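If you want the building blocks of each chain, they are given just below.
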Amino acid sequence: MPSVFPSLLDFWFVAPFMLRLAVVMALAPTIAPLVRERDSRRKTVGVVTGISSALLLLGFLTQVGAILAAAVALVHYKSKQSPLHRDVTALVFGVSLALLILGPGVLSLDLPL
């Protein structure tokens, strides 16, 4: 079936960049509260969240950042005290898995091999 806006398909390489930004915007508000926690497990989740967000924001080691973001999303999904809603964590998990396959997209420090 023909696309309604076929000229937009020329910008397919921008989609992973937008997905990277969406994951970072979803996870970023949870970094500071989790790092300030006294519990070492929650503090570790905050540090891993910060690392994955930084990697995805820069587009450096995007697949590693996507794996870390998916792991953080699973931890938030199973946690009773998560600062994120379960729907948001499920979306972050799905988008992170998509980024694992899609790659970094435009505006990244990753080089395609």
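Everything numeric here is computed off the predicted structure, so don't read it as measured data. Counting restarts for each chain: residues are numbered from 1 in the order of the written sequence. Only residues with pLDDT of 70 or above have their local features reported here, since the model is predicted, and side-chain atom pairs are shown and tallied only from 80 upward, although totals for entire chains, interfaces and linings are computed over all residues. Working from all heavy atoms in the structure, the side-chain values ignore hydrogens and water.

Engineer: Would you mind showing me how to read the nonpolar core here?
Structural biologist: The tendency in soluble globular proteins is for nonpolar side chains to be buried as a group. What is meant by a nonpolar core is a set of buried Ala, Val, Leu, Ile, Met, Phe, Trp, Tyr and Cys residues, joined one to another through side-chain atoms within 4.5 Å. Only protein chains enter the accessibility calculation, which uses a 1.4 Å probe. A residue is then buried if its area is under 20% of the maximum for its type, exposed if over 50%, and partly exposed in between. Counting residues in each nonpolar core, the largest one holds 12 residues, listed as V23, V24, A26, L27, L56, A66, A69, V72, A73, L84, V92 and L99. Sorting the residues of this core by element identifies α1 (15–27), α4 (62–78) and α5 (86–102) as the ones contributing at least two each. Whether two residues are in contact is decided by their heavy atoms, any of which lying within 4.5 Å being enough. Setting aside chain neighbours within four positions, we find A26 in contact with L84, V88 and V92. For helices the rule is a DSSP run of H or I covering at least 4 residues; for strands it is a run of E covering at least 2, with both sets numbered from the N terminus onward.

Engineer: Would you take a moment to explain α1 for this structure?
Structural biologist: Each full turn of the α-helix corresponds to 3.6 residues, which orients residues three or four apart in the same direction. Over its 13 residues, α1 runs 19 Å from end to end, which matches the ideal 18 Å to within 8%, given 1.5 Å per residue. All of the buried residues in α1 are P16, F17, R20, V23, V24, A26 and L27. Contact partners of the buried residues in α1: α2 (31–35), α3 (40–58), α4 and α5. Helix span, expected: 1.5 Å multiplied by one less than the number of residues in the helix.

Engineer: Looking at this model, I keep getting lost on the packing of α4 against α5. Mind explaining?
Structural biologist: The relative placement of two packed helices is expressed as an angle between their axes plus a distance between the axes. For helices, the fitted axis covers only the stretch in contact; all axes are lines through C-alpha atoms, and the angles between them, taken along N-to-C directions, range from 0 to 180 degrees. Packing of α4 against α5 leaves a shortest axis separation of 8 Å and a crossing angle of 160 degrees. Comparing their axes, α5 and α4 come out roughly antiparallel. Note on packing geometry: the crossing formed by α4 with α5 is left-handed. Counting all contacts with α4, which are made through Q63, A66, I67, A69, A70, A73, L74, H76 and Y77, the residues of α5 involved are R86, T89, A90, V92, F93, S96, L97, L99 and L100. For the contact of α4 with α5, the per-class residue count stands at 13 nonpolar, 4 polar and 1 charged. Here roughly perpendicular refers to angles of 65 to 115 degrees, roughly parallel to angles under 35, roughly antiparallel to angles over 145, and oblique to all remaining angles. Two helices cross in a left-handed way if the nearer one is turned anticlockwise from the farther one by less than a right angle. They cross in a right-handed way if the turn is clockwise. Asp, Glu, Lys and Arg are counted as charged, while Ala, Val, Leu, Ile, Met, Phe, Trp, Tyr, Cys and Pro are counted as nonpolar; the rest, among them Gly, fall into the polar class.

That's the geometry; what it means functionally is another story.
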